[in-house]
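Commentary on secondary and tertiary structure
Spelled out from the first residue to the last, the chains are:
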Amino acid sequence: WGPGYNSKHSCSTAPIIQPLVWLHDIYSEEGRADTYVRHFIDREGNRTEETLDRADAYLTFARKIYAWQKEHLLNPSTGVYYDMLGADNTIRYDTVVSGRAKLVYRRHVDTGKPGGTAFTYNTGTMLAGTVELYRATGQEAYAADIRPLCVKSLTAFTKWRRLDGNRYREFPLDAKATSGFNCWFNDVLMRAYVDAYAYEPIASRISPSS
């Protein structure tokens, strides 16, 4: 992520939601309140700054990230997340003269359309994110996303298999145990299922039928 990157990946976005909520929790504790200065470019292109409450800022950032990825990278036909927004690798620069110094910055570049392989990792990090956001905010909009993401990810990623007379759902496998990332990616989704289970009664009550 950054003004010079013109592709936006699920794996570089959703995983930060959980730790941002945890940081919000830490700085919400008694005696831990703090502020920080955020430097940014405003809508008119001016470089400016503002002082923010750290706990509120972390939670706001987590919410924005979740909203962005859901809007841009959720595949409505499958209910799971695309790998990335693509781009044409164009890189542009802005030159800013400040006194005697000439500063060069990467300029924002628009991204392309969503695509790529849907990995269990990307959906798992978003599921974990919505669970944490619901816990921290109590807003039902987050809880409403829990059950559909659980159900649709199970359908999208698994296939029915039979072993010793028993049927079970099998997640993506790697050709060899020593190569590939599916085992690790699947673990991320499994961990998110465990997080989500605690809120299953609430999610079942307010989520659309799946």
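Residues numbered from 1 in each chain as written. Predicted model: local features only at pLDDT ≥ 70, side-chain atom pairs only at ≥ 80, totals over all residues. Heavy atoms only, no water.

So, on to a nonpolar patch on the surface. Side chains of Ile 91, Tyr 93 and Val 104 sit close together on the surface and give an oily, nonpolar patch of about 290 Å² of accessible area. Topologically, Tyr 93 is positioned in strand S5 (residues 93-98). Owing to a relative accessible area of 45%, Tyr 93 belongs among the partly exposed residues under this scheme. (Patch = residues over 30% accessible without salt bridge, like charges linked within 9 Å, V, L, I, M, F, W, Y side chains within 5 Å. Areas by Shrake-Rupley, 256 points an atom, 1.4 Å probe, with all protein chains shown as cover. Salt bridge = Lys/Arg side-chain N within 4 Å of Asp/Glu carboxyl O. Helix = DSSP H or I, 4+ residues; strand = E, 2+ residues; numbered from the N terminus. Buried < 20%, exposed > 50% of the residue type's maximum accessible area, 1.4 Å probe, protein only.)

Our focus in this paragraph is the side chain of His 24. Along the chain, His 24 falls in helix H1 (residues 17-28). A residue is classified by how much of its surface remains accessible, and His 24, at 12% relative accessible area, is buried. Once residues lying within four places of it in the same chain are set aside, the contact partners of His 24 are Ala 55, Tyr 58, Leu 59 and Ala 136. (Contact = heavy atoms within 4.5 Å.)

With 16 residues, helix H5 (residues 182-197) should cover 22 Å at 1.5 Å per step; its first-to-last C-alpha distance of 22 Å lies within 8% of that length. For H5, the complete set of buried residues consists of Asn 182, Phe 185, Asn 186, Val 188, Leu 189, Ala 192, Tyr 193 and Ala 196. In an axial view of H5, the angular spread of the buried residues amounts to 150°, which keeps them on one side of the axis. Turned more than 90 degrees away from the buried face of H5, the exposed residues are Cys 183, Val 194 and Tyr 197. (Expected span 1.5 Å × (residues − 1). Arc of directions from axis to C-beta.)

What follows concerns the sheet that holds strand S4 (residues 84-85). Taken in spatial order, the 3 strands line up as S1-S4-S7 in an open sheet, and their pairing is antiparallel. The open sheet has two free edges, formed respectively by strand S1 (8-9) and strand S7 (114-115), since each of these has just one partner strand. Across 2 bridges, the pairing between S1 and S4 is antiparallel. The partner of Lys 8 across the bridge, within S4, is Leu 85. (Pairing = 2+ DSSP bridges.)

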